Amino acid sequence: MGDADVQPLEVILVLCHSFFHDAFCVQRPVDETLFKNWLSSRFVANLIIERQAELPEGSRFAVTSDQVFTSFALKFHGQKPSYRQKEIVNILRNSIYVINSPSIIKLSIDDSVLVICDTLYSRSNYTPILVTNIPKKREKAEEFYRKKDPKAKIPYQIYTAVETQAYLRGRFPELAAIVERRMKMLFTSS
Amino acid sequence: MDKLDKKLLGKTMSVDIRIRKVKVLQGRAKEVAGKSKLSPDDLVIVTTSVGSLPEYKIEKIDGDPVSFLLKRSKS
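Before going into details, it helps to say that this report is about the structure given with it. No experiment lies behind these values; they were computed from the predicted model shown. (Residues numbered from 1 in each chain as written. Chains lettered and ligands numbered in written order. Predicted model: local features only at pLDDT ≥ 70, side-chain atom pairs only at ≥ 80, totals over all residues.)

This part takes up the sheet that holds strand β3 (residues 55–60) of chain B. Residue and element names in this part refer to chain B. Spatial ordering of the open sheet is given by β1-β2-β3, a layout of three strands whose pairing is antiparallel. Because the sheet does not close on itself, it has two edges, and the strands there are β1 (14–21) and β3. The sheet shows a mean angle of 20° between the axes of neighbouring strands, taken without regard to direction. Strand direction decides the pairing type here: strand β2 (residues 43–50) and β3, joined by six bridges, are antiparallel. By the bridge assignment, S49 is partnered in β3 with E55. (Pairing = 2+ DSSP bridges. Helix = DSSP H or I, 4+ residues; strand = E, 2+ residues; numbered from the N terminus. Axes fitted to C-alpha atoms, helices over the stretch in contact; angles between N-to-C directions.)

As structure tokens, then:
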């Protein structure tokens, strides 16, 4: 097969729990670093929703594991969700593809997203980016690969929300401009 | 299609709720959106209730979607 036959790879964001926690945190952090994380996570979440809103149904731009999403949902609404809170979770489930296949749900919360990234990278036309605000995630990914091969390297990018935001601005400039415009209201209305 | 809790919904009906852009809506959902003053790039929450013939409810999102959803969850 020649290069002309190779389909361009589609970017897909694989979301970790820390991303959800920061993006949907109601309180605006006071600490400068935490504020940057919060704002970038919010930007990335908005861009995911914005992009998924115009993609054909069935196309995916962001995925996570059922463990990650369920953990986020429980923190978001607690054990007794209100009707509105449950609606929000259902809306998000339709903007972010939640993988609940038997082979994924038996894994730990950390390993589940690493396996999703590896699978997407290895057998599809997606180029995954793992989005996490936990610096130790990279070490965990390295350990994950070195279990089988001490020389193995992580084959995909691991970005923080701040890095993901910068990447998405370059990759989707028009969409990023729309998100930025909508988010300006966040600061002018509060 | 996601099924909301029947107790919360109060009746046996499938409900799908998702965010779409006005410009990608088609058919009757587009007709419903057309009744409101919406721009093609506006984001809307489309609630589809499926009894026999689906019914569409369109709600405009003001500002960024995450902030809108968080505010909405408290209403």
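All right, on to the interface of chain B and chain A then. Taken together, the contacts link 23 residues of chain B with 27 residues of chain A. Elements represented by at least two residues in the side of chain B that touches chain A include exactly β1, β2 and α3 (65–74) of chain B. No other element matches α3 of chain B, which puts seven residues into the side of chain B that touches chain A. Class assignment for the residues of the side of chain B that touches chain A results in eleven nonpolar, four polar and eight charged. (Contact = placed C-beta atoms within 7 Å. Nonpolar A, V, L, I, M, F, W, Y, C, P; charged D, E, K, R; others polar.)

Counting residues in each nonpolar core, the largest one holds 61 residues, and the members touching the most others are L13, V14, L15, V44, I48 and V131 of chain A. The element best represented in this core is helix α2 (residues 32–52) of chain A, accounting for eight residues. (Core = buried A, V, L, I, M, F, W, Y, C linked by C-beta atoms within 7 Å. Buried ≥ 20, exposed ≤ 12 C-beta atoms within 10 Å, placed from the backbone.)

To continue, consider the sheet that holds strand β5 (residues 157–159) of chain A. All names here are of chain A. Spatially, five strands are ordered β3-β2-β1-β4-β5 in an open sheet, and the strand pairing comes out parallel. This sheet does not close on itself; its edge strands, each paired only once, are β3 (97–99) and β5. In this sheet, neighbouring strand axes are inclined to one another by 30° on average, regardless of whether the strands run parallel or antiparallel. Across six bridges, the pairing between strand β1 (residues 10–15) and strand β4 (residues 126–131) is parallel. Counted as the bridge partner of L15 is V131 from β4.

Residue and element names in this part refer to chain A. Of all six residues that make up β4, five are buried, and the element is covered over most of its length. Here β4 pairs with β5 via three bridges, running parallel. Within the sheet, the bridge partner assigned to L130 lies in β5 and is I158. Regarding the hand of the β-α-β motif, the stretch spanning β4, helix α7 (residues 136–146) and β5 is right-handed. (Right-handed = clockwise from strand over helix to strand, strands pointing away.)

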